Amino acid sequence: MLSKVAERLYWIARHLERVENTARLVSVYDSLLFDLPGEFDISWYNLVTLNSAEKLFESRYKNHDERNVVKFLLADDTNPSSMLSALKMVRENVRTTRDVLPQESWEMVNELSIYATKNIQQGINRSARHEFLTNIIKGCQQINGLLTGTMCRDASWQFLRLGRNLERADMTTRLLDAGAAAQLEGEVETDMHISQVVWGNVLRSSSAELSYRRTMRSAVHEKDVAEFLLEDPDFPRSFRFCIDSMINGIKNLPNNAAAKKALHTMLEVEFELDSDKRLGFEFREYLNQQQVNLGNLHQVFNQTWFAMLKRGTE
Amino acid sequence: MSIDWNQYDPNNFFDELIGENGEARVSAERLVEHLASLDEGELEARRQMAEATIHEMGVSFTVYTEEGNIDRAWPFDIIPRTISKQQWEKTAAGLKQRLKALNMFIGDLYDKQQIIKDGIIPEHIIRDSKNFRPECIGMKPAHGVWAHICGTDLVRDSDGEFYVLEDNLRVPSGVAYMLENRSITKRVLPELFEKEGIMPIGDYPSRLFDTLVSISPRRIKRPEIVVMTPGIFNSAYFEHAYLAQQMGTELVEGSDLVVGDDDCVYMRTIAGLERVDVIYRRIDDMFLDPEVFEKESVLGVPGLMRAWRAGNVALANAPGAGVADDKVVYAYVPDIIRYYLKEEPLIKNVKTYLCDDPEHRQYVIDHIAELVVKPANESGGYGMLIGPHSTKKEQAHFIKLIKADPRNYVAQPTLALSTSPTLVGKGVVEPRHLDLRPFILQGKNSYVTTGGLTRVAMKKGSLVVNSSQGGGSKDTWIVNGGIADAI
């Protein structure tokens, strides 16, 4: 398989995951607003912080209000991580890998792009936002379903898998980090009610609410949530599950030694969740370390399989 | 209200579907009857279905404009054009004959140049040709074939006969659109495919694959075949990707390939470098290899010509094959066929005036208002003058161009291009001019597509069918038997 094709497949999966995650996040915040009594000031701007996009946001907008944040996250083409930008990248990459993907994938991606571009205003205005975002999430799942149901589990599939799981693992650490940050802010008042809202929100953002209840059999509690999202071996968005998936994914790829090592390193870094201390700075430090590890992992993938370095005849 | 065929008047042009007596031609009887059974709303619904299909399938081509490159949906007319199988077989034989002779001609030019020594073709025509590549002298590609894939443009004049308008031996495009037009039509007019003897066209990708395998330098079971594209910004990128997918081969860009110290071509894969045997290249000669041609080209592969000359990789089409699709050489093709094959050409050429010849030049200047003037080496319908549709000022400008560089211009009578019924509004059908581009393959064996890509000038009265200039296309049906066999 061509290095370039492998790279494009990897990015298709990453960007597609990003489209779905973004739609999901905005959707969760949207419904959260209806649940909270007025005195809670949940800020839409958290979503910008979550994506480490403060600098870019500040250069474009003055007000941190809902409209600007949602516009920035969904529609802004100067934001390379916005939903439309990511979708555009999916489309461009599918367009240039049509020869290795199922024929219908191009049609589906095309349909989804057309739908998203045409109806983007519905996402920005509050009234039809829910329906719009639901359709986007459905579209992503339709594409993933097609790929899962029809693709050979050859190298092409494995690169899609690597991209999807790396992006997912990254998002999970970000959501947990956002939870910990909100918790720290809230601790000033040590209001347990905030903790419930904050961590419930983290679960919902990862579509983990029901699985969490069934697995952990407990009410929403910060450490249980962190444990579930970090370590559950069966939940497909848990950090552990994503790393395991990537370990399986590289099994049959050529020259996989460096990637294997990088992945196992990440499993070895553990965070002690049993202590009595609440999740605080140390937890954030741990998450930060795993995000750096994910960045390094991407570099390893890049150097092993994608880099267009001029190699002599081997 | 359905189509009123009594209102349909192709004037004095030959019409593909409707005969001189106003009745449908034998190959089009079922089609015309079926169309007449659809009312205005039904026709419009079918047209919209085609449009939506094209949109969803993402069939597009890129147009270069000042504002940048725009991806346009492929313009398509739902009413197919039909040709009887009998007539097509004759034409296909003529196309194979033509390509065979052209390949012998190219081989001769890069070898002994016997045809020049024998005085059939003047020497200066080769010497001045922009597409003659001295780098290719002495090469002997497999099976003596230089042009493996050829797209030949055919037109029908008012006498109903096919004429060759030009041969495209460099990187002809359009075959993917031919195949997609058929898939669209199957969705839009499914009823007709049940009963009508419409010949299938879908075997082109596997025939192309076989042709490419047959020229592999390594005689191994699974030679590595790749399609090489200049990239996503090329107007035919859709087709490059389509063909690679249909053949199950890699689609590569220049940056994916590297020539090793052993003068072999390798592609960069996730497992390291892998040897490549055959490159179906869709980039022009001049961009193939910066070591030999355009130094600044980033599209090509340094050392590619070295690898080709060493016989370690096959290029389709071979570099230098374009020398025979010069519009001046075109004028000599009938003589070329007679010279190499000792046969009479089965398909005629259009009368061509070479501005290089003083007598011809004078004729062209005197009759410029009636002629079509073309530069010898342009494609895509650019830089052309259509005499009857031109202003005095444009004519004067072309006379100046011709005088400055006579070798670079040829002229032909303005043909009365045939027409075919085309949907131009809700339930409104009018005649529009069209041509036909069949694709001919030659490797170990030869093959001609069943029909080809029909391009249609969507503007009333226009003769320009190029998609880059507002042309559209239609499905092309080679119909076996008429109504008698069909029902």
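Residues numbered from 1 in each chain as written. Chains lettered and ligands numbered in written order. Predicted model: local features only at pLDDT ≥ 70, side-chain atom pairs only at ≥ 80, totals over all residues. Heavy atoms only, no water.

Visitor: Hey, could you run me through the packing of helix α8 (residues 204–213) of chain B against helix α9 (residues 237–247) of chain B in this one?
Guide: When two helices pack together, their arrangement is given by the angle between the helix axes and by the axis-to-axis distance. All names here are of chain B. Closest axis-to-axis distance for the α8/α9 pair is 9 Å, and the angle between their directions is 80°. Classed by the angle they form, the pair α8 and α9 counts as roughly perpendicular. When α8 is examined against α9, the residues Y204, P205, L208, F209 and L212 are found in contact with a partner set consisting of L243, Q246 and M247. Its residues assigned to classes, the contact of α8 with α9 comprises seven nonpolar, one polar and no charged. (Axes fitted to C-alpha atoms, helices over the stretch in contact; angles between N-to-C directions. Helix = DSSP H or I, 4+ residues; strand = E, 2+ residues; numbered from the N terminus. Parallel < 35°, antiparallel > 145°, perpendicular 65-115°, else oblique. Contact = heavy atoms within 4.5 Å. Nonpolar A, V, L, I, M, F, W, Y, C, P; charged D, E, K, R; others polar.)

Visitor: Sorry if this is basic, but what is going on with the packing of helix α5 (residues 83–95) of chain A against helix α6 (residues 103–124) of chain A here?
Guide: Residues and elements named next belong to chain A. With their axes 10 Å apart at the nearest point, α5 and α6 run at an angle of 155° to one another. When the axis of α5 is compared with that of α6, the two are roughly antiparallel. Taken as a pair, α5 and α6 cross one another with a handedness that is left-handed. Here M83, L84, L87, V90, R91, V94 and R95 of α5 come into contact with α6, specifically with S105, W106, V109, N110, L112, S113, A116, T117 and I120. A breakdown of the residues in the contact of α5 with α6 according to their chemical character gives 10 nonpolar, four polar and two charged. (Left-handed = near helix turned anticlockwise from the far one by under 90°.)

Visitor: What exactly am I supposed to notice about the domain arrangement of chain A here?
Guide: Reports of interface size often rely on the accessible area that becomes lost once the parts have come together. All names here are of chain A. Split into domains, chain A comes out as domain 1 (1–151) and domain 2 (152–307). For domain 1 and domain 2, the distance between their C-alpha centres works out to 20 Å. With both chains or domains summed, domain 1 and domain 2 bury close to 2,900 Å², and 61% of this area falls on carbon and sulfur atoms. Three residues, Y10, L50 and M151, lead the burial of domain 1 against domain 2; their summed loss comes to 23% of the area buried on that side. Between the two partners, domain 1 and domain 2, sit five salt bridges. Ionic pairing is found between R237 and E17, a salt bridge with its closest N-O pair at 3.1 Å. Joining domain 1 to domain 2, the criterion identifies 13 residue pairs in polar contact (both at pLDDT 80 or more). Contributions of two or more residues to the side of domain 1 that touches domain 2 are made by α1 (3–35) and α7 (129–150). (Domains from an automatic or database assignment. Buried area = accessible area lost by both parts, 1.4 Å probe. Salt bridge = Lys/Arg side-chain N within 4 Å of Asp/Glu carboxyl O. Polar contact = N/O pair within 3.5 Å; in protein donor to acceptor, adjacent residues only side chain to side chain.)

Visitor: Would you mind showing me how to read the pairing of strand β3 (residues 76–84) of chain B here?
Guide: All names here are of chain B. Along β3, eight of the nine residues are buried, which leaves the element largely enclosed by surrounding structure. Relative to strand β23 (residues 471–479), β3 runs parallel, the two sharing six bridges. Considered in β23, the bridge of I83 is made with I478. (Buried < 20%, exposed > 50% of the residue type's maximum accessible area, 1.4 Å probe, protein only. Pairing = 2+ DSSP bridges.)

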